[in-house]
Amino acid sequence: MYAPLYLVTAVLRRKNKDYFLKRLLPEILQSTLFLGTNAFMFIASFCVWRKILGGFFLFSSFLPAFCASVCAISIERKKRRGLLALYITNVAVETLYRMALSRGIVTERKNIEVLLFSVTSAIYMYFFRMKNGLEKSTLSAIGFLVGYDERPQVEPHVSSTESLPRKEKSFLGKFQCLPKWLEQALSNLHQRFRKGPRHHLCRHTHSCLAYTLEGSAVQFGIGCAAQIGIICLTSLPRLLKEPKTFLGHLARSLWKKDNCYLGAFLGSFVGIFRLINCLLRWLRNHDEAFHGLIAGFLAGWSMMWYKSVTVALYMTLKLVEILYFKGIATGKMPYFKSADVLIYSISTAVCFHAGVFEPHNIRPTYWRFLLRLTKNRMGTINRRLCDVFGVNSSKMNPNFWPNYDPQYTNIKPEGPW
């Protein structure tokens, strides 16, 4: 599982030869040991705690999962603990929300994930427009999406002004296959489009309209390409199983309007963010970081194109992490040693508990991961016996009953239990 992930990551980050020869394999083995330990220790701890408690209770899976997670995460590299804690907390929060919904504690709100993303986006963009507002990795990710022209100081190595000759050449190069007169006409039209009005406080080189539409078009293309790439990659197993129907299946998968939704989300986000910033400069004849707050909030509603609870929660939790570390840096928040270990262990315990007693409330992708991790053992638990706890444990497979060995038990589906 970790081998292809680490290999692709290393290639994308352009790691040197020394990393591939000396560090790649040990890191893969260490992470594999961590994952295997988590699964093995959970099953072992489950039996131990059952022996200690004398039976099964509603939280009989939480304690074993917590103990197993503490042991497992201690094996993993410290550099990855924070990332793992952030990911599994994302899954745990969504699981707790689904559990609250199923119990009637909260009611489902339409587009709540879009509102959450918009608020989070507003704060991110406020910090983005401040000097030293975000760490380098987050700054680079947002800069790749919306560009660096809205930064209070454009960094030399990513300045859109300095990269202009390269971009200009790339654009004109698209028309080299066309007749000379048509190439010249399109070039003139493009230049006229770029020479529109631009506020004197704007850092971008061309007109505000060109700045908005070109950025939006680029991200729309990237989003569509990413979606198509994902479809092609996920279709590869079908090529091995059913090679004759592969091309037809792939064509049908690609010929769907849903494939444009990610591109529409990214494109409209960038377009709205740039448009609002330029518009506020024209209206107020002033530029400040507060504009990023307004633009980020309005741009966040572009998630209506591509609704995702996972993305909204991840961005929110990452923001909480950023704010917490800012609080530590200013002395306003306490520092807790091994907080990542504790957060990971509690969050994993929540997910494993739901996996045993309430699998219908887990994110489907994580449930499939648990099945693969335990070789489907998590799916063979007799949850009809767990229905006595009142959480509808057998909802996903109400008719399932294991084939028990009569040498050890004579329990039957009709009871009594």
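Only a predicted model underlies this, so the values are computations on that prediction, with no experimental measurement involved.

A.B. asks: How do you make sense of the overall build of the chain when you look at a structure like this?
C.D. replies: Secondary structure summary: the chain contains 15 helices and 0 strands in total. The 417 residues of the chain split such that 40% are buried. For the chain, restricting intrachain contacts to residue pairs at least 6 apart in sequence, the fraction spanning at least 24 positions comes to 64%. Total accessible area on the chain stands at roughly 24,900 Å², and carbon and sulfur atoms take up 66% of it. Of the side chains in the chain, 54 bear a positive and 24 a negative charge, and the two mean positions are spaced by 3 Å.

A.B. asks: Which parts of the structure should I look at to understand the side chain of Ser-121?
C.D. replies: Relative to the assigned elements, Ser-121 resides in helix α5 (residues 112-128). When neighbours within four sequence positions are excluded, Ser-121 is seen to be in contact with Phe-269, Gly-296 and Gly-300.

A.B. asks: Mind showing me how you'd approach the confidence of the model for the chain here?
C.D. replies: Interpretation of the predicted coordinates at a detailed level should be avoided for regions scoring low in pLDDT. On average, residues of the chain score 84 in pLDDT, and 92% of them are at 70 or above. Taken together, the stretch residues 154-172 has pLDDT below 50 and engages in 19 contacts with residues farther than four places along the chain or on a different chain.

A.B. asks: What should I look at first to understand the nonpolar core in this one?
C.D. replies: Buried together is how nonpolar side chains tend to be arranged in soluble globular proteins. Membership of the largest hydrophobic core comes to 38 residues, with the highest contact counts inside it found for Phe-34, Phe-42, Tyr-344, Tyr-366, Leu-370 and Met-378. It is helix α14 (residues 339-357) that contributes the most residues to this core, 9 residues altogether. Those residues in contact with Leu-370 that sit more than four places away from it in its chain are Cys-351, Phe-352, Gly-355, Ile-362 and Met-378. Counting residues in hydrophobic clusters, the runner-up holds 24 residues, among them Ile-142, Phe-269, Val-270 and Leu-280.

A.B. asks: Hey, could you run me through the pattern of salt bridges in this one?
C.D. replies: Between side chains of opposite charge, a pair can form as their charged atoms come close. Counted according to the given criterion, the structure contains 14 salt bridges. With its nearest N and O atoms 3.4 Å apart, the salt bridge here joins Asp-18 to Lys-22. You can see Asp-18 and its partner Lys-22 sitting in helix α2 (residues 17-53), 4 residues apart, about one turn around the helix. Look at Lys-22 and you get exposed, because its relative accessible area is 59%.

A.B. asks: Teacher, can you tell me more about helix α9 (residues 208-241) here?
C.D. replies: Each α-helix winds once per 3.6 residues, and so residues spaced three or four apart point in a common direction. Between its first and last C-alpha atoms α9 spans 51 Å; for 34 residues at 1.5 Å apiece the expected length is 50 Å, and the two agree. Ser-235 marks where α9 bends most, by close to 30°; the proline Pro-237 follows one to four residues later. Taken together, the buried positions of α9 are occupied by Cys-208, Ala-210, Tyr-211, Thr-212, Gly-215, Ser-216, Gln-219, Gly-223, Cys-224, Gln-227, Ile-231 and Ser-235.

A.B. asks: Even after reading the chapter, I still don't get the packing of helix α4 (residues 78-102) against α14, so can you show me in this structure?
C.D. replies: Helix-helix packing is described using two parameters, namely the angle between the two axes and the distance between the axes. Their axes nearest at 8 Å, the elements α4 and α14 cross at an angle of 40°. When the axes of α4 and α14 are compared, the pair comes out oblique. Helix-helix and strand crossings are classified by hand; for α4 and α14 the assignment is left-handed. Of the residues in α14, those in contact with Arg-81, Gly-82, Leu-84, Ala-85, Ile-88, Thr-89, Val-91, Ala-92, Thr-95, Leu-96 and Met-99 of α4 are Asp-340, Val-341, Ile-343, Tyr-344, Ser-347, Thr-348, Val-350, Cys-351, His-353 and Ala-354. Residues belonging to the contact of α4 with α14 are distributed by class as follows: 13 nonpolar, 6 polar and 2 charged.

A.B. asks: How should a nonpolar patch on the surface be read in this particular structure?
C.D. replies: Nonpolar side chains collect at one region of the surface, where Tyr-97, Ile-105, Val-106, Ile-112, Leu-115, Val-119, Phe-290, Ile-294, Phe-297, Leu-298, Trp-301 and Met-304 lie side by side and expose about 960 Å² of accessible area between them. Going through the elements one at a time, α5 and α12 (290-300) are the ones with two or more residues in the nonpolar patch. Considering each element in turn, the nonpolar patch owes the most residues, 4 residues, to α12. In this structure, Leu-298 sits in helix α12. Residue Leu-298 is classed as partly exposed on the basis of its relative accessible area, which comes to 37%.

A.B. asks: I tried to follow unusual backbone geometry on my own but got confused; where do I start?
C.D. replies: Backbone geometry at Asn-111 places phi at a positive 60°, although glycine is not the residue there. Tracing the backbone through its elements, the reader meets Asn-111 in the loop between α4 and α5. Classification of Asn-111 by relative accessible area gives buried; the value is 17%. Unusually for a residue other than glycine, Asn-392 sits at a positive phi of about 55°. Residue position: Asn-392 is located in the segment after α15 (364-373). You can call Asn-392 partly exposed: its relative accessible area is 42%.

A.B. asks: How should the environment of Cys-351 be read in this particular structure?
C.D. replies: With respect to the helices and strands, Cys-351 occurs in helix α14. When its relative accessible area of 0% is taken as the criterion, Cys-351 is described as buried. Distance from Cys-351 to Asp-340, taken between C-alpha atoms, is 16 Å for residues 11 residues apart in sequence. Those residues within four positions of Cys-351 in sequence are excluded, and the remaining contacts are Ile-88, Val-91, Ala-92, Thr-95, Ile-362, Tyr-366 and Leu-370.

A.B. asks: Just checking my understanding: could you explain the packing of α5 against helix α11 (residues 261-284) for this structure?
C.D. replies: Where α5 meets α11, the axes come as close as 13 Å, and the angle between the chain directions of the two elements is 50°. When the interaxial angle is binned, α5 and α11 end up oblique. Between α5 and α11 lies a crossing whose hand is right-handed. Where α5 approaches α11, its residues Phe-117, Ser-121 and Met-125 are matched on the opposing element by Phe-265, Phe-269 and Phe-273.

A.B. asks: Quick question: what am I supposed to make of α2 here?
C.D. replies: Under the 1.5 Å per step criterion, the end-to-end length of α2 is 53 Å for 37 residues, consistent within 8% with the ideal 54 Å. Where α2 terminates, the next one or two residues include Gly-54, which has phi positive at roughly 80°.

Criteria and thresholds
Residues numbered from 1 in each chain as written. Predicted model: local features only at pLDDT ≥ 70, side-chain atom pairs only at ≥ 80, totals over all residues. Heavy atoms only, no water. Helix = DSSP H or I, 4+ residues; strand = E, 2+ residues; numbered from the N terminus. Buried < 20%, exposed > 50% of the residue type's maximum accessible area, 1.4 Å probe, protein only. Contact = heavy atoms within 4.5 Å. Areas by Shrake-Rupley, 256 points an atom, 1.4 Å probe, with all protein chains shown as cover. Lys, Arg positive; Asp, Glu negative; His and termini not counted. Charge placed at Lys NZ, Arg CZ, Asp CG, Glu CD. pLDDT = per-residue confidence, 0-100. Core = buried A, V, L, I, M, F, W, Y, C linked by side-chain atoms within 4.5 Å. Salt bridge = Lys/Arg side-chain N within 4 Å of Asp/Glu carboxyl O. Expected span 1.5 Å × (residues − 1). Bend = angle between axes of the 7 residues up to and from the residue. Axes fitted to C-alpha atoms, helices over the stretch in contact; angles between N-to-C directions. Parallel < 35°, antiparallel > 145°, perpendicular 65-115°, else oblique. Left-handed = near helix turned anticlockwise from the far one by under 90°. Nonpolar A, V, L, I, M, F, W, Y, C, P; charged D, E, K, R; others polar. Patch = residues over 30% accessible without salt bridge, like charges linked within 9 Å, V, L, I, M, F, W, Y side chains within 5 Å.

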